Structures are given as C-alpha cells and as structure tokens.
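The chain contents come next:
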Amino acid sequence: MKTVLNTLLTALTPIIWGSSYLVTTEWLPPGQPFMAAMIRTLPVGIILLIRYRFILPRDRWGRLILLAVLNIFVLQATLFIAAYRLPGGFAAIVGSAQPLVVLLLAWLMDRQRPQAMAMAGGLIAVAAMGALFASPGQMLDPLGLLAATIGTVSMATGTFLARRWSQQLPLMAFTGWQLLIGGVLLAPFAILVDPPIAQLNATHVAGFAYLSIVGSLLAYPLWFRGIARLSAVAVSALTLLSPLTALILGWTVLDQTLSPSQLGAMSIVFAAVMVLQWRRNPNPPSARPLPVSPQPISQL
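What you see is a predicted model; the values in this text were computed from it and never measured. (Residues numbered from 1 in each chain as written. Predicted model: local features only at pLDDT ≥ 70, side-chain atom pairs only at ≥ 80, totals over all residues. Heavy atoms only, no water.)

### Focus: the overall build of the protein
We count it as follows: A run of DSSP states H or I qualifies as a helix once it reaches four residues; a run of E qualifies as a strand once it reaches two. Both are numbered from the N-terminal end. Computation of the radius of gyration draws on C-alpha atoms alone. For the globule rule, the value is 2.2 Å times the number of residues to the power 0.38. Each residue is placed in one exposure class: buried if its accessible area under a 1.4 Å probe, protein chains only, is under 20% of its type's maximum, exposed if it is over 50%, and partly exposed if it falls in between. Only heavy atoms matter for contacts: two residues are in contact if any of them lie within 4.5 Å across the pair.
Check the secondary structure of the protein and you find 13 helices and zero strands. For the protein, the sequential pattern of α-helices and β-strands runs α-α-α-α-α-α-α-α-α-α-α-α-α. Its C-alpha atoms give the protein a radius of gyration of 19 Å, within 12% of the compact-globule value 19 Å for 300 residues. With respect to the three principal axes, the spread of C-alpha positions in the protein is 55 × 50 × 35 Å. Residues counted as buried form 53% of the 300 residues belonging to the protein. Of all intrachain contacts in the protein linking residues separated by at least 6 positions in sequence, the fraction that spans at least 24 positions is 93%.

### As for the environment of Val253
Tracing the sequence through the fold places Val253 in helix H12 (residues 241-253). Owing to a relative accessible area of 47%, Val253 belongs among the partly exposed residues under this scheme. Taking the C-alpha atoms as reference points, Val253 and Leu22, 231 residues apart in sequence, are found 8.9 Å from one another.

### Concerning the environment of Tyr21
Position of Tyr21 relative to the elements: it lies in helix H2 (residues 20-27). In this structure the C-alpha to C-alpha distance between Tyr21 and Met38, which are 17 residues apart in sequence, comes to 16 Å.

### So, the packing of aromatic side chains
The relation between two aromatic rings is expressed through the spacing of the ring centres and the mutual angle of the planes. Convention followed: Pairing of aromatic rings covers Phe, Tyr and the six-membered ring of Trp, with a centre-to-centre limit of 6.5 Å; geometry is then stacked below 30 degrees between planes, edge-to-face above 60, and tilted otherwise. Definition used: whenever NZ (Lys) or CZ (Arg) falls within 6 Å of the ring centre and also within 35 degrees of the ring normal, the charge is taken to sit over that ring.
Per the counting criterion, the structure on display carries eight aromatic pairs. Ring geometry for Trp27 versus Tyr210: centroids 6.4 Å apart, planes at 80 degrees, classification edge-to-face. Placement of Trp27 in helix H2 and of Tyr210 in helix H10 (residues 202-229) is noted, with a sequence separation of 183 residues between them. Taking the relative accessible area as the measure of exposure, Trp27 reaches 37% and is therefore partly exposed. Measuring from centroid to centroid gives 5.6 Å for Phe73 and Phe189, while their planes differ by 45 degrees, and the two rings are tilted. With Phe73 in helix H4 (residues 61-85) and Phe189 in helix H9 (residues 171-192), the pair connects residues that are 116 residues apart, well separated along the chain. A relative accessible area of 19% places Phe73 in the buried class. For Phe189, a relative accessible area of 33% puts it in the partly exposed group. Three or more aromatic residues joined by ring pairs make a cluster, and in this case those are Trp17, Phe174, Tyr220, Trp223 and Phe224. Looking at Arg51, its charged tip hangs above the ring of Tyr52, at a distance of 4.8 Å from the centre.

### A closer look at the confidence of the model for the protein
Quick reminder of the rule: Confidence per residue, as judged by the predictor, is encoded in pLDDT with a range of 0 to 100.
Counting all residues, the mean pLDDT for the protein is 85, and 90% of those residues have values of 70 or more. Across the protein, element-level confidence peaks in H10 with a mean pLDDT of 95 and bottoms out in helix H5 (residues 88-95) with 76. Residue range residues 280-300 is modelled with pLDDT below 50. Its contacts to residues more than four positions away, or to other chains, number 50 contacts.

### Concerning the side chain of Asp194
Our working definition: Counting rule applied: Lys, Arg positive; Asp, Glu negative; His and chain ends not counted. Salt bridges are identified by distance alone: a Lys or Arg side-chain nitrogen within 4 Å of an Asp or Glu carboxyl oxygen. Counted as a polar contact is a pair of N or O atoms within 3.5 Å, where, for protein atoms, one must be capable of donating a hydrogen and the other of accepting one, and residues adjacent in sequence contribute only when both atoms are in side chains.
Checked against the element boundaries, Asp194 lands in the loop between H9 and H10. One buried charge, Asp194, has no salt-bridge partner; the nearest side chain with opposite charge is Arg85, at 9.3 Å. A distance of 2.9 Å separates a polar atom in the side chain of Asp194 from the backbone nitrogen of Phe34. Residue contacts for Asp194: discarding those within four places in its chain leaves Gly31, Gln32, Pro33, Phe34, Met35 and Phe189.

### Digging into the environment of Leu238
Relative to the helices and strands, Leu238 resides in helix H11 (residues 232-238). Each C-alpha atom, one on Leu238 and one on Ile191, is 33 Å from the other, the two residues being 47 residues apart in sequence. In this view, Leu238 contacts Thr7, Thr10, Ala11, Pro14, Val273 and Gln277; residues no more than four positions away in its chain are not counted.

### Things to note about H4
This is how it is decided: What a helix should span is 1.5 Å times the count of its residues minus one. What is called the bend at a residue is the angle between a pair of axes, fitted to the seven residues leading up to and ending at it and to the seven starting from it.
Relative to the 36 Å expected for 25 residues at 1.5 Å per residue, H4 spans 34 Å between its end C-alpha atoms, a close match to the ideal helical length. Bending of H4 peaks at approximately 40 degrees at the position of Val69.

Shown next, in the form of structure tokens:
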C-alpha cells in the first residue's frame, strides 16, 4: 500500500509537467526558453533554502552540482528549447526512451541485466508513443530534436544518480540546492541568449508564476521524494504520463481531436507504465542520511 501511495504522489509531478507544453505555448512570451527555465527554478531554490536553512556539507558539493546540471540546468533548458522548436508530440516520442536509458545505465554501472519484462515495457512505450504522435511528412527542427535527445539522457542519468544520493540530505535541502544551482547556471543564458521580452502582460506573469509555484515548488519535492522511495526505472517510467497529460489538455482546452487509434495508443502507453512499475529496485540507496541540522541563513 505504501508503494502505491508513493507511486501516486510521484506521478503528480509528470502530470504537472505535462501541462508545461500548454502553458509555454499559450501563456508565455515567445522565444524565451532560458528565461522560462530560470524563472521556474531559481526563485524556488532561494525560497526553499531561506525557509529550511540547510547548509550544504562540503563533501556533498560535487554530487549536488552534478545533479543540478543534469536534473535542472540541462533538463530545463532542453525542455523549453524542445517545447518552442518541436511539436510537443515528437518531443514525447524522444522522451519515452528514458526508461530504456535507465535500464542501460543499471546494466553498465551496476552490471544488472535488464529484465525481459522491463525491456519489453520500455520498447512498447516508445512504439506506442510513435503511433500516438508521429505523422507522415512532419518537419523536424534539428536543434529541437537534439535538445529533446539531450534532455532525455540528462534526466535519465540524473534520476539514476539521484536514486543513489537522495538519502544523503534532507528532502528540501536536496531539492532546494539543486534548484538554486541549476537556476544560477541558467541565469547567464537567460540574460545573454534570449531576446529581451518586448511586453510582459498579465498572461505572461500568470504563466511564469504557474511554472514556478506549481511546476517547481510543488512538483520537484514530490519528484525527489519519489526518487528516494521507488526504483529509478519505475520513476522514469512515470515521465510517460507527461505527454499523455499534454495530449489530454490539448483535447479538453484547445479543442484538439483524438482518434480511436490515438486512444488505443494512450492505453498501451499507460499499460507500459504499469508494467515498468513492477520491476524490482535496481539500485537501492547505499548511503545513510546525513544528520544535517538547520542553520541560520546568514551562515549560507
């Protein structure tokens, strides 16, 4: 029962992230991938660290920086580049390979051969996503395709490593430091690469606020909590719920149509997610939690 509850709570995060495609295209100013990523992460990281006041142990800086690069900096930047430059559906096809990447990492790093059921579930998910979103003659932006691929590998690797290291810090410190470091790394790109926002209206502010408050402040603690309690393969499989959410929102909010074949493909993807939840934990955490005590923020 506890595993089911952990799975449901963790699943809220990719469902929330699935709404980012709609928010990005409908509520945000165009051509601002790095600015959107920075606003989504940096303010929340600052808020969490001010609220919970955790000093990062000196010997954890290297791991936290690496995780922040993988889970925040690279992922958020490539997510928004892909969202701006690719049809949302095709980005989902690329992203659906994430469970397979995690299985490959477990094989290469832990010498754990992928279970046949897990491999089958991952391959079926990719095929079903292709049937769900691919369309003949679709023009693909090379930069958007590269961004989607890098983002998929980055998130899979970050999930795999965070599963090992998440027990070494309290949840909110683990989340806050990653968001802060990732947001700081994104800031120069937001200032130097993205063009100035010509006009910021109420809709844009609402979009940025949604991404920051719901997409990060709520979603990321749930995500890292799930990583600490579920297997990396199971967690990565839940990311398949993001494109399904985006598709359902497009149907309900933007009046897009869903064909019977698409409904069938969605059912297959959901079944693949369920199959991948049954796989046993491939990389249990090896480290005990560190006894990190709250410290005054002036010491940070």
